[in-house]
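# Structure assessment
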Amino acid sequence: MKFGKYLRERKEKFPVEWREHSIDYDSLKSYIKTNIIPNSLKLNLSQMTWKPTNSNELHFIELVSSRLSALQIKVTEFLVKLDNEIQKVSDFFVKESNSLIKKSEEQNVDTLDENEASKMLESIIILERFVFLNYTGLVKILKKNDKHSGLNIGEAYLYRIASLTLTKSDSLLILKKSLMKKVVQEFSPIASTTSTIINNETKLENNSTTISSSKSSSSSLGMTTLPALLSKIPQSTTSPTTTKKNLFPPLDLLPHQKVIASITGPHGTDIIGCVLECMAKHDCVIEDFMLSRLYHDVTFGVLIALRSDDIDLFKDLAEASRKWDGTLTFDVHDGDRILPIEDAPYENRIKYAATVLNQKGLSPQFLNDWTKFLLKGKISVEKMQRLNEGKLSCADYKLSVPNNTDFERLRQELFTLSTSHGTDVALQPYDVFREHKRLVVFDMDSTLIQQEVIDEIARHAGVVKEVASITELAMNGEIDFKESLRRRVSLLKGTPVEVLQTIKENLTFTDGAHFLCKALKKIGFKLAVISGGFIPLAKYVKNELGLDYAFANQLKVSSDGLTLTGETVGPIVDAERKAELLEVIAQAENVTLDQVIAVGDGANDLLMLAKAGLGIAFNAKPRVQEKARARINQKSLKYVLYLLGYTDEDAKQLYDS
């Protein structure tokens with residue numbers, strides 16, 4: 001929502017006679033558009049040439065000089081207009097404050113009943129909201145002027161108005177504390193003997209009840225009116241001498257202005273210290289904070305809830321910013337729901353993690369197309385992190401995705417983008433299960449090992465072509481996996497069993513298989529191989545990699561144990577069986593399917609990949625890649641760790657420990 005519209009809507013919630021005393025944001029904005037923007041010092045690129053390209057253009061120096069001259073007049077006029085608007089609000093605040101103070105003197109706060117006291121307290125709170133709304137308008141219009149003029153005067157202006165009564169009324173503050181104390185005493189005789197006023201906050205202590213403020217409670221009560229709060233207090237039916245349970249909310253649960261303040265500069269810890277020193281001095285409620293660093297420069301931001309007399313805070317922040325060569329920015333929020341600082345400030349969103357990976361490096365062309373893809377889908381980037389060392393090849397994104405996104409279409413478009421650049425993009429929910437997976441189930445052939453074991457046995461049996469032709473029928477969908485396996489195994493009849501030992505000795509493990517399995521075991525993962533191959537080789541792979549489970553097809557051997565009969569024994573491990581076994585292992589290990597990762601490359605892995613919380617198509621067939629939710633088309637299995645959010649440094653520590 002545009003701020004002008006927001007401001008108009010908020011004004012409607014105040015008494016009609018108050019509205020004419022509010023800052024005329026639209027008029028100030030219109031003045032900037034008409035008079036400031038045409039003379040902005042933020043020049044176009046075409047105006048930044050060393051010499052004019054034609055005689056009609058002004059030289060750079062002449063252009064800057066003319067605009068400075070114009071801004072000297074126009075910005076001065078703007079500041080005069082702004083002064084008049086602020087003075088109007090300040091005069092109104094003084095008038096209303098004096099009226100309330102005079103009324104309290106005439107009626108005597110001590111003699112007010114609870115309804116009269118609460119009504120007067122509510123009037124003060126509404127007046128404070130009116131002031132903060134106008135202060136928000138002031139901040140917004142100053143930022144707009146700084147942006148379009150190219151002059152940075154907003155910070156100085158805010159520092160200047162700190163002396164206005166608008167920003168602090170000691171008399172009104174004293175009255176507010178008295179009324180609060182009065183209301184608290186009316187509702188809790190015991191509390192009245194133990195309540196203390198500390199730093200403009202009513203602190204309640206009671207043997208039976210302790211009322212504490214939390215981030216969630218502040219948000220939920222942020223726009224609650226005093227009558228609504230009072231209505232939640234049960235009426236006592238006992239005698240006056242009976243102790244009432246203290247249910248009146250402490251002052252820090254009443255409506256308070258939310259502000260995000262940040263300082264950017266070259267002195268990291270000093271900047272953190274100066275911001276927090278200001279917060280402590282003004283006894284602000286810190287609801288969130290965040291630090292980002294770019295070499296020596298840092299940005300430290302805090303989300304705070306102000307007390308009613310805390311606008312002096314901005315003056316102190318401005319002084320601290322100048323002391324440490326920093327740039328101060330802040331934004332005043334009016335509303336009852338403030339998201340964490342790192343979150344995009346939009347509602348009806350789902351959080352997703354996206355891992356982008358190309359072992360040859362993330363090209364500018366891909367990153368540009370990837371960003372355009374996000375913009376097209378109205379997807380906001382909340383966080384970016386590089387995961388690899390050396391040349392940039394892997395980055396992790398935290399994304400904010402609109403609820404109404406067609407995710408099936410999104411995945412198809414993402415698959416097209418990924419394949420066109422040869423860069424993997426793995427999209428998965430950004431939730432607690434992403435970092436708390438507990439079970440990984442692998443396919444074996446062309447996943448943990450580089451060979452297809454039935455092809456290796458066929459090579460020793462001299463039936464490679466026959467086996468390959470049956471495999472092709474299965475891939476074309478002419479026969480299913482069970483029939484394909486039955487036909488291929490029948491061709492192995494009479495093959496010496498000792499061939500299996502020869503194949504074991506010549507198996508080639510996929511790059512990164514040992515690294516990945518060792519790292520995962522160090523952090524408590526259970527690992528399994530479920531293969532459409534054969535159990536002697538699956539058990540060998542299990543032992544070599546330190547896995548916990550191995551399931552595969554069992555080849556039947558002759559009664560003398562020397563040759564294969566061309567048959568299998570027991571259930572066939574096909575696609576359905578793989579998915580069933582994954583679920584059985586998860587149940588045995590007491591983990592949810594959201595905590596399971598499945599890695600495979602073939603069509604008979606699709607059901608297993610779909611069953612797991614994270615299904616990864618590893619150097620898979622095109623059909624499998626298109627249907628899988630995540631893909632890795634790189635040489636090494638260790639890249640699975642990236643999809644869990646681990647950096648190269650994390651992976652190395654796990655492997656070496």
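Parameters and conventions
Residues numbered from 1 in each chain as written. Predicted model: local features only at pLDDT ≥ 70, side-chain atom pairs only at ≥ 80, totals over all residues. Heavy atoms only, no water. Phe/Tyr/Trp six-rings, centres within 6.5 Å; stacked < 30°, edge-to-face > 60°. Helix = DSSP H or I, 4+ residues; strand = E, 2+ residues; numbered from the N terminus. Buried < 20%, exposed > 50% of the residue type's maximum accessible area, 1.4 Å probe, protein only. Lys NZ or Arg CZ within 6 Å of the ring centre and 35° of its normal. Core = buried A, V, L, I, M, F, W, Y, C linked by side-chain atoms within 4.5 Å. Domains from an automatic or database assignment. Contact = heavy atoms within 4.5 Å. Pairing = 2+ DSSP bridges. Right-handed = clockwise from strand over helix to strand, strands pointing away. Expected span 1.5 Å × (residues − 1). Arc of directions from axis to C-beta. Axes fitted to C-alpha atoms, helices over the stretch in contact; angles between N-to-C directions. Parallel < 35°, antiparallel > 145°, perpendicular 65-115°, else oblique. Left-handed = near helix turned anticlockwise from the far one by under 90°. Nonpolar A, V, L, I, M, F, W, Y, C, P; charged D, E, K, R; others polar. UniProt positions renumbered as here; feature names shortened; annotations may be inferred. Polar contact = N/O pair within 3.5 Å; in protein donor to acceptor, adjacent residues only side chain to side chain. Patch = residues over 30% accessible without salt bridge, like charges linked within 9 Å, V, L, I, M, F, W, Y side chains within 5 Å. Areas by Shrake-Rupley, 256 points an atom, 1.4 Å probe, with all protein chains shown as cover. Salt bridge = Lys/Arg side-chain N within 4 Å of Asp/Glu carboxyl O. pLDDT = per-residue confidence, 0-100. Lys, Arg positive; Asp, Glu negative; His and termini not counted. Charge placed at Lys NZ, Arg CZ, Asp CG, Glu CD.

Bringing the packing of aromatic side chains into the picture now. Two aromatic rings are characterised by how far apart their centres lie and by the angle between their planes. For the coordinates displayed, the defined rule picks out 14 aromatic pairs. With a centroid separation of 5.4 Å and an interplanar angle of 80 degrees, the aromatic rings of Phe14 and Phe130 are classed as edge-to-face. With Phe14 in the loop between α1 (3–11) and α2 (25–36) and Phe130 in helix α4 (residues 114–149), the pair connects residues that are 116 residues apart, well separated along the chain. Measuring from centroid to centroid gives 6.0 Å for Trp370 and Phe373, while their planes differ by 15 degrees, and the two rings are stacked. Of the two residues, Trp370 and Phe373 are both situated in helix α12 (residues 364–376); the distance of three residues between them amounts to about one turn of the helix. Comparing Trp370 with Phe373, the two get one shared label, buried. Members of the aromatic cluster, each reached through a chain of ring pairs, are Phe14, Trp18, Phe92 and Phe130. Note that Lys638 overlies the ring of Phe515, its terminal NZ or CZ placed 5.8 Å from the centroid.

Core analysis: the biggest nonpolar cluster contains 66 residues, and Leu82, Leu138, Leu175, Leu179 and Met279 have the highest contact counts within it. Of all the elements, α4 adds the most residues to this core, at 15 residues. Each of domain 1 (3–41 + 61–184) and domain 2 (245–333) accounts for three or more of the residues forming this core. In this structure, Met279 is in contact with Cys284, Ile286, Val302, Ile304, Leu313 and Leu317, ignoring residues within four places of it in sequence. In this structure, Phe534, Ile535, Ala630 and Ile632 belong to the second largest nonpolar core, which totals 59 residues.

A word on the pairing of strand β13 (residues 549–557). Of the pairings in the sheet, the one linking strand β12 (residues 526–534) to β13 comprises four bridges and is parallel in character. Within β13, the position partnered with Ile530 by the bridge is Phe551. Handedness of the β12-helix α19 (residues 535–545)-β13 crossover: right-handed. Between the antiparallel neighbours β13 and strand β14 (residues 564–569) lie six residues, among them Gly561 with a positive phi of about 75 degrees.

Taking 1.5 Å per residue, 14 residues should reach 20 Å; helix α20 (residues 575–588) reaches 20 Å between its end C-alpha atoms and fits that length. Turning to α20, its buried residues are Ala575, Lys578, Ala579, Leu581, Leu582, Ile585 and Ala586. Taken around the axis of α20, the buried residues stretch over an arc of 160 degrees, which confines them to a single face. Those residues of α20 that are exposed and angled more than 90 degrees off the buried face are Gln587 and Ala588. One or two steps after α20, the chain reaches Asn590, where phi turns positive at roughly 60 degrees.

Here we take up the packing of helix α14 (residues 453–461) against helix α17 (residues 498–505). Remark: α14 packs on α17, axes separated minimally by 10 Å, with the N-to-C direction vectors making an angle of 125 degrees. Between α14 and α17, the angle is such that the two are oblique. The crossing of α14 and α17 is right-handed. Counted together, Glu456, Ile457 and His460 of α14 and Val499, Leu500, Thr502 and Ile503 of α17 form the full contact between these two elements. Within the contact of α14 with α17, the residues separate by chemical class into four nonpolar, two polar and one charged.

A separate point is the sheet that holds β12. The strand order across the open sheet built from seven strands is β14-β13-β12-β11-β15-β16-β17, with neighbouring strands paired in mixed fashion. The sheet is open, and its two edges are formed by β14 and β17 (630–632), each paired on a single side. Mean inter-strand twist for the sheet, computed between neighbouring axes without regard to direction, equals 25 degrees. Bridge count for β13 against β14 is three bridges, and the pairing is antiparallel. Of the residues in β14, the one forming a bridge with Leu555 is Thr568. Helix-sheet contacts for α20 involve β11 (439–442), β12, β13 and β15 (596–600), and the interaxial angle to β12 is about 155 degrees.

Under the UniProt annotation, the feature "active site" (unreviewed entry) is placed at Asp443 and Asp445. Of note, Asp443 is situated in the loop between β11 and α14. Given a relative accessible area of 5%, Asp443 falls into the buried group. In this view, Asp443 contacts Leu448, Val529, Ile530, Ser531, Lys578, Val599, Gly600, Asp601, Asp605 and Met608; residues no more than four positions away in its chain are not counted. Here the side chain of Asp443 touches Thr447 through a polar contact of 3.3 Å, side chain to side chain. Structurally, Asp445 can be placed in the loop between β11 and α14. By relative accessible area, Asp445 is classed as buried at 8%.

Together, Leu45, Met48, Phe60 and Ile61 line one region of the surface with nonpolar side chains, adding up to about 450 Å² of accessible area. Along the chain, Leu45 falls in the loop between α2 and α3 (60–107).

This part covers the pattern of salt bridges. All told, the structure shown has 24 salt bridges when counted by the stated rule. Between Lys578 and Asp443 there is a salt bridge; the shortest N-O distance is 2.9 Å. Taken together, the positions of Lys578 in helix α20 and Asp443 in the loop between β11 and α14 put the pair 135 residues apart, joining distant regions of the chain. Assigned by exposure class, Lys578 and Asp443 land together as buried. Glu567 serves as the salt-bridge partner of Lys556, at 3.8 Å between the closest nitrogen and oxygen. In this pair, Lys556 sits in strand β13 while Glu567 sits in strand β14, placing the two residues 11 residues apart along the sequence.

So, on to the confidence of the model for the chain. Chain-level statistics for the chain give a pLDDT mean of 84 and a share of 85% at 70 or above. Here residues 187–255 scores under 50 on pLDDT; set against residues more than four positions off or in separate chains, the count is 105 contacts.

Let's shift gears to unusual backbone geometry. The phi dihedral of Asp325 is positive, around 55 degrees, even though this residue is not glycine. Structurally, Asp325 is set in the loop between α11 (312–323) and β6 (327–333). Of note, Asn619 is a non-glycine position whose phi angle comes to about 45 degrees, a positive value. The topology assignment puts Asn619 in the loop between β16 (614–618) and α22 (622–627).

Residues Lys2, Lys29, Lys33, Lys42 and Lys147 make up a contiguous surface patch of positive charge. Along the polypeptide, Lys42 turns up in the loop between α2 and α3. Lys42 gets classed as exposed once you look at its relative accessible area, which sits at 52%.

For the rest of this paragraph, the subject is the packing of helix α10 (residues 268–281) against α11. It is the contact of α10 with α11, at a shortest axis distance of 10 Å, that shows an interaxial angle of 160 degrees. Classified by the angle between their axes, α10 and α11 sit roughly antiparallel to one another. As α10 runs across α11, the sense of the crossing is right-handed. Listed contacts from α11 to Cys274, Val275, Cys278, Met279 and Lys281 of α10 are Leu313, Asp316, Leu317 and Ala320. Tallied by class, the residues present in the contact of α10 with α11 amount to seven nonpolar, no polar and two charged.

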